[in-house]
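# Coordinate analysis (summary)
Chain by chain, the residues:
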Amino acid sequence: MFPLREVHGRSDYEDLGEYDEERKKPPWYCAAYEACIRNILRCRRWLRLQLNSRTWKSLNEDEVTTSGLTDGAADEQNRVIFVNRPQPQKFVSNRISTAKYSLPSFVPLFLFEQFRRYSNCFFLLIALLQQIPDVSPTGRWTTLTPLILILTVSAIKEIVEDFKRHRADDETNRRKVEVMRDGRWLSLRWEKLQVGDICKVLNNQFFPADLVMLASSEPQGISFIETSNLDGETNLKIRQANSETAPLDNVAALAEFRATVQCEPPNRHLYEFNGMLKETNAKTIPLGLEQMLLRGSMLRNTAWVIALVVYTGHETKLMKNSTKAPLKRSSIDRQTNTQILMLFIILLVLSLLSAVFNELWIQQRKHTDWYIGLSDAQNTNFIFNFLTFLILYNNLIPISLQVTAEIVRFFQAKFIAMDSEMYHAETDTPALARTSNLNEELGMVRYVFSDKTGTLTCNVMEFRKCSIAEVIYNKPGHNERLEDTLLYQNLDNNHPNAAVISEFLTMLAVCHTVIPELVDGAINYHAASPDERALVAGAAAWGWVFAARTPQAVTVRARGRTLTYSVLHVLAFTSSRKRMSVVVRAPTGEIKLYCKGADSVIYPRLAGGPRAAAFAEATLAHLEHFADEGLRTLVFAVADIPEHFYKDWSNTYHKASIAIHDREQKLEEAALLIENNLRLLGATAIEDKLQDGVPEAVAALLQANIHVWVLTGDKQETAINIAHSARLLHAAMPLLVLNEDSLDATRESLSRHLADFGENLCKENEVALVIDGQTLKYAMGCDLKKDFLDLCVSCKVVVCCRVSPIQKAEVVEMVSRATGAVTLAIGDGANDVAMIQRASVGVGISGVEGLQAVCASDYSIAQFRFLVRLLLVHGAWNYSRISKLILYSFYKNICLYVIELWFAIYSAWSGQILFERWTIGFYNVIFTALPPFAIGLFDKICSPEIMLRHPVLYIPSQQNLLFNVRVFWVWAVNALLHSMLLFWLPVLLTQHHVLWPHGKDGGYLVLGNFVYTFVVATVCLKAGLATHSWTWVTHVSIWGSIALWFLFILVYSNLYPTILIGAVMRGMDRMVFSSLVFWFGLLLVPAATLLPDLVVTVIHNSAFKTMTEAVRESEIKKRDPAALLAQPRHSRAHAWRGSGAGVWRRRVAPEDEPSPTHALHGLRNGRPPPALRPRAHRSHVV
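This report concerns the structure included in the present document. (Residues numbered from 1 in each chain as written. Predicted model: local features only at pLDDT ≥ 70, side-chain atom pairs only at ≥ 80, totals over all residues. Heavy atoms only, no water.)

Glancing now at the overall build of the protein. The helix and strand tally for the protein stands at 40 helices and 33 strands. Sorting the 1182 residues of the protein into buried and exposed places 57% on the buried side. In the protein, once contacts between residues fewer than 6 apart in sequence are set aside, the share between residues at least 24 apart is 74%. Carbon and sulfur atoms form 58% of the exposed surface of the protein, whose accessible area is close to 49200 Å². (Helix = DSSP H or I, 4+ residues; strand = E, 2+ residues; numbered from the N terminus. Buried < 20%, exposed > 50% of the residue type's maximum accessible area, 1.4 Å probe, protein only. Contact = heavy atoms within 4.5 Å. Areas by Shrake-Rupley, 256 points an atom, 1.4 Å probe, with all protein chains shown as cover.)

Core analysis: the biggest nonpolar cluster contains 157 residues, and Leu824, Phe864, Leu867 and Leu871 have the highest contact counts within it. When neighbours within four sequence positions are excluded, Leu871 is seen to be in contact with Leu442, Val445, Val448, Leu701, Ile706, Leu824, Ala876 and Tyr954. One finds Leu508, Val601, Leu620 and Leu681 within the second-largest nonpolar core, a separate group that totals 79 residues. (Core = buried A, V, L, I, M, F, W, Y, C linked by side-chain atoms within 4.5 Å.)

The buried fraction of strand E15 (residues 445–450) amounts to five of the six residues, a majority that puts the element mostly inside the structure. Relative to strand E31 (residues 822–827), E15 runs parallel, the two sharing five bridges. Paired with Val445 across the bridge in E31 is Val822. By the bridge criterion, four bridges tie E15 to strand E27 (residues 707–711) in an arrangement that is parallel. Bridging across to E27, Val448 finds its partner in Val708. (Pairing = 2+ DSSP bridges.)

Below, the discussion takes up the sheet that holds strand E9 (residues 275–279). With antiparallel pairing, four strands are arranged side by side in an open sheet as E1-E8-E9-E10. Two strands bound the open sheet, and with one partner strand each, they are strand E1 (79–83) and strand E10 (284–287). On average, each strand axis in the sheet is tilted by 20° relative to the strand beside it, whichever way the strands run. Where E1 meets strand E8 (residues 259–263), five bridges bridge the pair, whose relative direction is antiparallel. Bridge pairing in E8 places Val80 opposite Gln262. (Axes fitted to C-alpha atoms, helices over the stretch in contact; angles between N-to-C directions.)

In terms of burial, strand E21 (residues 553–558) is largely enclosed, as five of its six residues are buried. Examined bridge by bridge, strand E20 (residues 544–550) and E21 share six bridges and lie antiparallel to one another. Directly across from Val545, in E21, lies its bridge partner Arg557. Where E21 folds back on strand E22 (residues 561–571), the antiparallel hairpin that results is connected by two residues, among which Arg559 adopts a positive phi of roughly 55°.

Before going further, it helps to spend a moment on the sheet that holds strand E4 (residues 198–202). The six strands lie next to each other as E3-E2-E4-E13-E5-E11, forming an open sheet whose pairing is antiparallel. Each end of this open sheet is capped by a strand with a single partner; those strands are strand E3 (184–189) and strand E11 (292–293). Where strand E2 (residues 176–181) meets E4, two bridges bridge the pair, whose relative direction is antiparallel. For Glu178, the partnering residue across the bridge sits in E4 and is Lys200.

Now for helix H11 (residues 382–392). A large share of H11 lies buried, amounting to eight of its 11 residues. Every buried residue of H11 is listed here: Asn385, Phe386, Leu387, Thr388, Phe389, Leu390, Ile391 and Leu392. As for H11, its buried residues are in contact with helix H4 (118–129), helix H9 (331–365) and helix H29 (899–906).

Quick look at the pattern of salt bridges now. Scanning the entire structure with this criterion turns up 36 salt bridges. With a closest N to O distance of 2.8 Å, Lys328 and Asp858 form a salt bridge. Here the residue Lys328 occupies a position in the loop between helix H8 (317–320) and H9, and Asp858 occupies one in the loop between helix H27 (852–856) and strand E33 (859–861), the gap between them amounting to 530 residues. Note that Glu675 and Arg579 form a salt bridge whose closest N and O atoms lie 2.6 Å from each other. Here Arg579 lies in strand E23 (residues 579–585) and Glu675 lies in the loop between helix H19 (663–674) and strand E26 (679–690), a separation of 96 residues in the sequence. We note that Glu675, like Arg579, is buried. Here the salt bridges share partners, and the residues they tie into one network are Arg95, Asp170, Arg189 and Glu191. (Salt bridge = Lys/Arg side-chain N within 4 Å of Asp/Glu carboxyl O.)

Bringing the side chain of Ser1075 into the picture now. Mapped onto the elements of the fold, Ser1075 is located in the loop between helix H37 (1068–1073) and helix H38 (1076–1103). A distance of 3.3 Å separates the side chain of Ser1075 from the backbone nitrogen of Val1077, its partner in a polar contact. (Polar contact = N/O pair within 3.5 Å; in protein donor to acceptor, adjacent residues only side chain to side chain.)

By the definition in use, this model includes 42 aromatic pairs. Residues Phe1046 and Trp1079 carry aromatic rings whose centres are separated by 6.2 Å and whose planes lie at 10° to one another, so their mutual orientation is stacked. One end of the pair, Phe1046, is in helix H36 (residues 1032–1052); the other, Trp1079, is in helix H38, with 33 residues separating them in the sequence. For Phe1046, a relative accessible area of 17% corresponds to the buried category. (Phe/Tyr/Trp six-rings, centres within 6.5 Å; stacked < 30°, edge-to-face > 60°.)

Another point: helix H21 (residues 716–725). Each full turn of the α-helix corresponds to 3.6 residues, which orients residues three or four apart in the same direction. For H21, the tally of buried residues reaches 10 of 10 residues, placing the bulk of the element in the interior. Looking at H21, one finds that the buried residues are Gln716, Glu717, Thr718, Ala719, Ile720, Asn721, Ile722, Ala723, His724 and Ser725. Arg727 lies just past H21 and shows a positive phi near 65°.

A separate point is the environment of Val798. Mapped onto the secondary structure, Val798 falls in strand E30 (residues 795–801). A sequence separation of 91 residues divides Val798 from His707, and the C-alpha atoms of the two residues are 8.8 Å apart. When near neighbours in sequence (up to four residues on either side) are disregarded, Val798 contacts Val708, Trp709, Val710, Leu769 and Cys792.

This next bit is on the packing of helix H34 (residues 965–989) against helix H35 (residues 1004–1026). Axes are the key here: two packed helices are described by the angle between their axes and the distance separating the axes. In the contact formed by H34 and H35, the axes pass within 10 Å of each other and the chain directions differ by 145°. Read as a crossing pair, H34 and H35 show a hand that is right-handed. Across from Trp971, Asn974, Leu982, Pro986 and Val987 in H34, the residues of H35 making contact are Leu1007, Val1011, Phe1014, Val1015, Thr1018, Lys1022 and Ala1026. Of the residues belonging to the contact of H34 with H35, the class tally is nine nonpolar, two polar and one charged. (Left-handed = near helix turned anticlockwise from the far one by under 90°. Nonpolar A, V, L, I, M, F, W, Y, C, P; charged D, E, K, R; others polar.)

Turning to the packing of helix H31 (residues 930–938) against H36, a few remarks are in order. Where H31 contacts H36, the axes come no closer than 8 Å and their chain directions differ by 170°. Accordingly, the angle class assigned to the pair H31 and H36 is roughly antiparallel. Taken together, the residues of H36 that come into contact with H31 (itself represented by Leu930, Pro931, Ala934 and Phe938) are Val1033, Thr1034, Ser1037 and Ser1041. (Parallel < 35°, antiparallel > 145°, perpendicular 65-115°, else oblique.)

On to the environment of Lys763. Residue position: Lys763 is located in the loop between helix H22 (743–757) and strand E29 (765–772). The spacing of Lys763 and Cys792 is 29 residues in sequence and 9.8 Å in space, taken between C-alpha atoms. The contacts of Lys763, once residues within four sequence positions are left out, are Val793 and Ser794.

Another aspect to go through is the state of the cysteines. On inspection of all chains with the given rule, the structure shows zero disulfides. Cys595 supplies the cysteine sulfur nearest to Cys511, a cysteine that is in no disulfide, at a spacing of 7.2 Å. Given the relative accessible area of 1%, Cys511 is considered buried. (Disulfide = S-S within 2.5 Å.)

The next subject is unusual backbone geometry. One non-glycine residue, Ala469, adopts positive backbone phi at about 50°. One non-glycine residue, Asn677, lies in the positive phi region at around 55°. With respect to the helices and strands, Asn677 occurs in the loop between H19 and E26.

Put into structure tokens, the structure is as follows:
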């Protein structure tokens, strides 16, 4: 087996032509002149790059191609590496880390993360203030103790999650590889590998660093590698050692090998490498991408390779394309921070007013009420009074909120992992939440950025049918004899088009870059593209078997004959050419050009024109038919090349292939000279295998108002076809295709398309945008980014093709920052890591492409279809649960602690507390701790079946209707009103101080325990009113919390003096429980407090029910809610209801009903303007 090397990649031209291999060596002054010119041009290129980098700083890394001036480091010196000698400088270690924390950085980073939350900063301040003597009315430790507990729980959670990342890193760093040391092979860990080491990598092993291949076990130093972790392709790639280093396949030769490698500095360009190897007393050997073995790739079908380490650790191209794991925070967390800040300001105002009122009260009473020592109190510092009230009111901000939310999120993550519906039995892979901080973000996703290969597809393609000379032939079935097929019968019966059929099948077997391998008597094909493998397999199914390849020829076995075709040139596929050609010499001596590609580029090159050419009309109709079936299509054509024409063209092509500047353009111009006057043979149809359930999953996401973008490094036509197969695109959807090769052309194209949208700009239109990586590079520039973003958000679907990993991340970041929406990125390979980390939520697919994406993700699933359940069920549930948990936590604290403000009116604004200090501390920890857990873990909007069946139910959470500023303050005002009722109703009940038949008085603490009991009962019942689904856990949390308070007062009232604590509570149980007023109030006060909420809830659910509530009601009554979802609803969204849940009212149109906003500017007779009209669906080149 030998690799097919493209002509323009050769260092010496060994092909046909007028060049004399024995030509004389040019004079020395010619060489000096050429060297001078090269240096001048190199300096000009360097200056141009520097100027461009100042104008487009964000583009400089992609502008640089083969100059070696990469990564925005044009002034860096090239790397020099000594082989088998000490290095002149120290290089980075090969140890890698993808974790958030290290041992020394954990404490500062963790504290930074925790104290980004304003609540923690506030409680730290309160804890410090409580240490000031005679300031705190609640003691010194009532805030510091729970704060330390909260930080401890959070630290344990972070340690557990980051330990998993460290364990994955350690597993990678501790892998073994054989390294040449002191003339022998030693097995060392990857982390011990150094730049300049020579190592041996065995079959099916990953490469431990970026290596330059020296030798291999295969003939001519070739090897096969799998780069799925880098570019998402599971197809094998070929690498070949230079012929000068191929003999270095034994220990003795390697031990004596002395050389110097000079290469470009570390950069992130996966498809570029420039270097040279200078061996002592030998000529310089060029090094390129053909010799590069990148970390993350795997050696396949090759016993071993010997290679030199050039980049290690975080300087490898794989790690250069990764970004550091960010400290992500949910949108609700950020909103909560804002509300806490507002509450803190209110707290300061209340404390200030209370201190002022205290001063005023003392001024009014100091002469009349002299007997209580007000003259001494007047000397009390105003600032101390202010701090006293600040400590007294501090619990308006719930200290237990963060730890409660952390625990709830932890168990929510466990529920995701335990969901059997997201378990993939074939690979034994469950869903996994690698972080729990973003559970609610899953319910707010508006943009999904998806990789293609391995994420949407299985990367499995199958040849289905073909059109030859106006006749469609289906691939032979498994049990169908070849002789019974129509194609074979036409060949055997000398059909008038038998020669065309034979030529077509020959082209299938010859026009490609596939490598055959004989395994156990069967041929296994290795292709850079699964499409090419499918085409070769299709030819083999009809008896044209591609059998062998050498650098100069291919061998085909066809109907008992062995035919050898000499490969003269390969004109490779590019996104601009949209075609691929080979020039071959047939066994008969004729020179032929085989050209395959999209019909849009093949048809104009047909002899006689696209309409007059033979078979053109019928083949085009067949292409339309294939496209309607969702199949990928290619057109095949041939041209006979005269010998004299070929010789002239070969000279032209050779000059283009050795050009220093504008090589690609000159090669394209040379190809145009020969790729014409083609004779049409036919077309093929290939089915690209999607993962199970992908079309249904995409449809569900679109119904949930989620925008799905495809970001792929694959070819444009492949991505478009996959988008059609996945139902992301449909035949009637206009395509805006941006394939520009300059900044000015990109600017003009963007301006033209923006003008076409007119008044519908920045509104969602039924249009798809397709853009390639080269154009994207210009569109993402500072001066065009805004226009590009406007164009993107004006389109329903965006497909980005041929994009690098870092470009994926930049697109995700652009949308996240510009729109403020929650974004989700999903991928399965290392090339997706950057965008996964840059998105609000990153999802990794644990498939055949390794675990790099999974290790960098926030959540991992086994199949794309599981994303629907992750978002529409767990995401919506978790958003609703966390929203209610936070709102309820603020509600219950305001209910209790604002009562201290009302009591201050009766206590001369002295800072006296109404409740016993430890009952205040246990309020959040014990007596109201269970309802938030029940809400956060077990509350459900609707059943999972209903949520999946009706994706529109996702929209309320996506639009953040359940937790926003309005909803928050509705809950806060509701709590304020409840606190007034819970204080003044008991005051009215006890205003005559007749609590017992004997007429004795129990003091203010009896009133405090009355109020405290009523508060506990009310807030627990309020949790039940806010709960959608009552379970046994809900009952236990509500009634159990009330029972805990009664049990506590029984125990705590009898501890003293056995235990020296709670002296003021001694006998309180007997005083409280023996009062009929207490039991009457226990029935009256909570009921009177919650009655307005209950009335509002009943009226709301009867006359103004939301879409979600209507569906829930239908589910309870066991009716189909589909009819409800199609009915018009109110357009306004109201935030008020008794439970605080937001209301979503909008008209839900049927799925096939076009939205008015989909009408584009300039619609005439129901048709979009010409620039946006759907084109006839043509073939897309592979």
